Amino acid sequence: MSESTSESRANDSARDFDAVIVGAGFAGLYMLHRFRELGMRARVLEAADGVGGTWYWNRYPGARCDVESMEYSYQFSDELQQDWEWTERYASQPEILKYINHVADRFDLRPDIQLNTRVRSANYDEDATRWAIETENEEVLNARFCIMATGCLSSTNLPKFKGLDDFKGPTYHTGQWPHAGVDFTGQRVGIIGTGSSAVQAIPIIAEQAAQLTVFQRTPNYSIPAQNGPLPKADQQAIKAEYRHFRESNNEMPFAFGSKYHLREDSALDSTIEERNDEYEQRWATGGLPFLFAFGDLLFNMDANKTAGEFIRRKIHEIVNDKAVAEILSPKQVVGCKRLCADTNYYETYNRSNVTLIDISEDPIECITTEGLRAKGQDFEFDCIVFATGFDAMTGALFNIDIRGRDKLALREKWSAGPRTYLGLTTAGFPNFFTISGPGSPSVLTNMLPSIEQHVDWIAECVAYLNDNDYAYIEASTEAEQGWVDHVNSVADSTLYPTCNSWYLGANVPGKPRVFMPYVGFPPYVEKCNEIVANGYEGFELGATVTG
Ligand code: FAD
Ligand code: N01
């Protein structure tokens, strides 16, 4: 055998894996850990130069989670959850990033994580029943399983504003924030967008900047987070019964908040006074459990209107200028766009250095060398912040040229909207899994338990294939069609599809209007388990070719 052949064989085996996992956020790290436990050889490929995913990229001022830290954390390891100490009710981005790095070290994951590696394509070879995953560094890795842990909110949406490149100052996207941070002191800053990222960033930028101008297309409902230090005693009390606490949260519709009362009655069955008392209490408690105030807020338009009226009244109480308060007052269904949780968001509009520009009727005309032009007026800035969100749920997947059987491209298959079975698999793509993919509860839940549930399901499925000598698993077209119909019909029974949200792809021009996540975490988990109990109902299991 020539030296070069043996060398290339050695390289081949170095590039042969049981699984390639794309993405080193919460999902990719835990998936790697589970493959290791199965005694399988897995490699994580990550575009960034560090682990953390969302929490690596989104370093804008004020970035933090709005699911409480004792809940927005892994539960797979009791030692980990007992050891780790959170400092605030809602953890900040630096603290979450520190936690993820701790997990990577604690479970010795780094040797199997390849950073600075963006995946360009993934092609299924039917004869070999293997995936070839190609990176932008021209490297090809082969694997039996291809797992996309690429994130629901990882592909940034930068609208194609005319003259985008003309601006002479720096521009920043909240989802790709410079690691060194940005000092806005004395600067004239323009910010576009008023979603969750902007709602967190605006109060802090306003404290630094000489002048902050906010361009708002659609106002969002925001509830005060009521963040603060997490008392040690509270943390200890949860740790003393962590398993029970996790179990109760996993029974909640959004996989969090079991310590807050989830009312089941209709908002319309209470008197106006009772209702307002309830909303007042929820406002004082803070954050997303506001939506637990009544059982029908996301199902009954009249019930939802009562919550909308309450929040609008609050905005008018907080914001001194009536005209500004009116512009900030959303008209859509509460919760239909993701509810925000803030610290001093509405209060910030009382500052003399903050100006709100309503662009709901007049879109931004163009970016100019000095700033931007909107409503026939030229605005001058030292820098511009784009808080314009993400091409959610499908964006990161479509950035990769993924091809299954017969070279079918995922982009083509999903051109009219994503089609999955359980949000985990898609017909025509054997041994290909998406963690928190479209058609799963994902972004409608506390994503940590959703991610762990997906990873555990995939790991158990892989173990089942191994134990029973199956070469591959693939969703059937019929099962997939049934699931897509079910996802749509559940969504249509709610108020979610009534406004232009990123859940529907409405924030990205040209994206098909399809409600992508699945509403209902506990029934979903039951369904996943039932499918397994029925011998992977709805899947085709391919037998191994022996010899
Ligand atoms: P990500 O963390 O998005 O990781 C995906 C990784 O894949 C990224 O590192 C990316 O670089 C990598 N990747 C993508 N494409 C490629 C490619 N082609 N090649 C190589 N690598 C690639 N959820 C909650 O439940 N509660 C919260 O409070 C909350 N707050 C959030 C705040 C912000 C600012 C944002 C943006 C999201 C928030 N989320 C929250 C959702 C959050 O995305 C998830 O909770 C979770 O972090 C997702 O983890 P993940 O591993 O699935 O994906
Ligand atoms: O993005 P968004 P985000 N011209 O899509 C506007 C999670 N998250 O980064 O509403 C002008 O919500 C757009 O306007 P409109 C959370 O799941 C969580 O803020 O489309 N404006 C909107 O105001 C969240 O939902 C936290 O009319 C344009 C804004 O940009 C998700 O990530 C924190 C425009 C984008 O808002 C995304 O949040 C941060 C245009 N052409 C993020 N295009 C927590 O607190 C878009 N906009 C946990």
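Residues numbered from 1 in each chain as written. Chains lettered and ligands numbered in written order. Predicted model: local features only at pLDDT ≥ 70, side-chain atom pairs only at ≥ 80, totals over all residues. Heavy atoms only, no water.

**Details of the nonpolar core**
Next, step 1: Core analysis: the largest hydrophobic core is formed by 137 residues, its most contacted members being F26, F35, F184, Y349 and W457.
Next, step 2: Examining the composition of this core, we find that 10 residues originate from one element, helix α15 (residues 447-467), more than from any other.
Next, step 3: Taken domain by domain, the makeup of this core includes at least three residues from each of domain 1 (3-51 + 109-155 + 392-543) and domain 2 (171-386).
Next, step 4: Among all residues touching F26, those that are not within four sequence positions of it are W55, Y72, Y74, I96, Y99, I100, L448 and I451.
Next, step 5: With 22 residues, the next largest nonpolar core counts I400, I402, L410 and Y472 among its residues. (Core = buried A, V, L, I, M, F, W, Y, C linked by side-chain atoms within 4.5 Å. Buried < 20%, exposed > 50% of the residue type's maximum accessible area, 1.4 Å probe, protein only. Helix = DSSP H or I, 4+ residues; strand = E, 2+ residues; numbered from the N terminus. Domains from an automatic or database assignment. Contact = heavy atoms within 4.5 Å.)

**Focus: the domain arrangement of the protein**
Next, step 1: Segmenting the protein into domains produces domain 1 (3-51 + 109-155 + 392-543) and domain 2 (171-386).
Next, step 2: Taken over C-alpha atoms, the centre of domain 1 sits 31 Å from the centre of domain 2.
Next, step 3: Listed as interface residues are 17 residues of domain 1 and, on the opposing side, 20 residues of domain 2.
Next, step 4: Counting the surface lost from both domain 1 and domain 2, the interface buries some 1,500 Å², and carbon and sulfur atoms represent 64% of this.
Next, step 5: The interface formed by domain 1 and domain 2 contains zero salt bridges.
Next, step 6: The tally of links from domain 1 across to domain 2 stands at five residue pairs in polar contact (both at pLDDT 80 or more).
Next, step 7: Taken together, the residues that form the side of domain 1 that touches domain 2 break down as nine nonpolar, seven polar and one charged. (Buried area = accessible area lost by both parts, 1.4 Å probe. Salt bridge = Lys/Arg side-chain N within 4 Å of Asp/Glu carboxyl O. Polar contact = N/O pair within 3.5 Å; in protein donor to acceptor, adjacent residues only side chain to side chain. Nonpolar A, V, L, I, M, F, W, Y, C, P; charged D, E, K, R; others polar.)

**What about the sheet that holds strand β13 (residues 366-367)?**
Next, step 1: Read across the sheet, three strands follow the order β13-β14-β15 without closing on themselves; strand pairing throughout is antiparallel. Edge strands, defined here as strands with exactly one partner in the open sheet, are β13 and β15 (377-380).
Next, step 2: Where β13 and strand β14 (residues 371-374) come together, two bridges link them in antiparallel fashion. Its bridge partner lying in β14, I367 is registered against L372. (Pairing = 2+ DSSP bridges.)

**Quick look at the site of ligand 2**
Next, step 1: Neighbouring residues of ligand 2: 24 residues in total, closest S197, R217, T218, K337 and R338.
Next, step 2: Take Q200: an N or O atom from its side chain is 2.9 Å from an oxygen atom of ligand 2.
Next, step 3: One nitrogen or oxygen atom from the side chain of R217 is found 2.8 Å from an oxygen atom belonging to ligand 2.
Next, step 4: Out of a free accessible area of 900 Å², ligand 2 has 89% covered by protein chains.
Next, step 5: Element by element, the count of residues in the shell around ligand 2 is highest for helix α6 (residues 196-208), at three residues.
Next, step 6: Along the lines of polarity and charge, the residues of the shell around ligand 2 split into 10 nonpolar, nine polar and five charged. (Near = heavy atom within 4 Å. Areas by Shrake-Rupley, 256 points an atom, 1.4 Å probe, with all protein chains shown as cover.)

**Side note on the side chain of S248**
Next, step 1: Among the secondary structure elements, S248 is positioned in helix α8 (residues 242-250).
Next, step 2: Looking at S248, its side chain comes within polar contact range of the main-chain oxygen of H244, at 2.7 Å.

**Observations regarding the site of ligand 1**
Next, step 1: Around ligand 1 lies a shell of 32 residues, among which E46, T54, D66, Y72 and M447 are the nearest.
Next, step 2: W55 places a polar side-chain atom, nitrogen or oxygen, 3.4 Å from an oxygen atom of ligand 1.
Next, step 3: Taking V119, its main chain carries an N or O atom lying 2.8 Å from a nitrogen atom of ligand 1.
Next, step 4: About the coverage of ligand 1: the protein hides 95% of its 980 Å² of free accessible area.
Next, step 5: Elements that contribute at least two residues to the shell around ligand 1 include exactly α2 (26-37), α3 (54-57) and α15.
Next, step 6: By residue number, the principal contributor to the shell around ligand 1 is α3, which donates three residues.

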